[in-house]
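Here are the chains, one letter per residue:
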Amino acid sequence: MSGCAFLDDVISADGTIEPDRLGTALRITKTELAAASGLSRDAVSKTRRLQAAATQTRLREVAETINRILPWCGSVQQAFAWYRSQPIPAFGDQTAEDLVRGGRSEHLRSYLAGIAVGGFA
């Protein structure tokens, strides 16, 4: 699956990240998606909470991180495994998941952008 196809699969026509679609693509439950994104179960299951800017921002950060590393990992599942478990030395061995959950997605994006243009991990 290409990056564009991945984002097309998880973003609705109105531009919102759909947790059902994202969970299906990652092969995880809504509870696992909530944990991986640092959100409550209600945030990814209740319509009103799902539309909240904070919820959409966090889900978009997860989706965009997976999309960014997908070409390097080979599959969505491998990208998600990296997201959840690969320690990043530049961040004290925190994982991408730790950074997203901690509200440090901008740092993660900068790090991944640097690697994409030939920087070192």
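Each remark here, short or long, concerns the structure printed above.
Keep in mind the model is a prediction, meaning the values are calculated, not measured.

1. Points about the side chain of Arg-58
Here's step 1: Position of Arg-58 relative to the elements: it lies in helix H6 (residues 53–73).
Here's step 2: There is a polar contact of 3.4 Å between the side chain of Arg-58 and the backbone oxygen of Arg-101.

2. Re the pattern of salt bridges
Here's step 1: Tallied over the entire structure, the rule returns four salt bridges.
Here's step 2: Note that Arg-84 and Glu-97 form a salt bridge whose closest N and O atoms lie 2.9 Å from each other. Taken as a pair, Arg-84 in helix H7 (residues 76–85) and Glu-97 in helix H8 (residues 96–101) lie far apart in primary sequence, 13 residues in all.
Here's step 3: Judged by relative accessible area, which is 33%, Arg-84 ranks as partly exposed.
Here's step 4: One salt bridge in this structure joins Glu-106 and Arg-109, with 2.7 Å as the shortest N-O distance. Residue Glu-106 and its partner Arg-109 are both found in helix H9 (residues 105–116); the two are separated by three residues, about one turn of the helix.
Here's step 5: When its relative accessible area of 48% is taken as the criterion, Glu-106 is described as partly exposed.

3. Some remarks on H7
Here's step 1: Looking at H7, one finds that the buried residues are Val-76, Ala-79, Phe-80, Trp-82 and Tyr-83. Seen from one end, H7 has its buried residues packed into an arc of 155°, which puts them on one side.

Rules behind the numbers
- Residues numbered from 1 in each chain as written.
- Predicted model: local features only at pLDDT ≥ 70, side-chain atom pairs only at ≥ 80, totals over all residues.
- Heavy atoms only, no water.
- Helix = DSSP H or I, 4+ residues; strand = E, 2+ residues; numbered from the N terminus.
- Polar contact = N/O pair within 3.5 Å; in protein donor to acceptor, adjacent residues only side chain to side chain.
- Salt bridge = Lys/Arg side-chain N within 4 Å of Asp/Glu carboxyl O.
- Buried < 20%, exposed > 50% of the residue type's maximum accessible area, 1.4 Å probe, protein only.
- Arc of directions from axis to C-beta.

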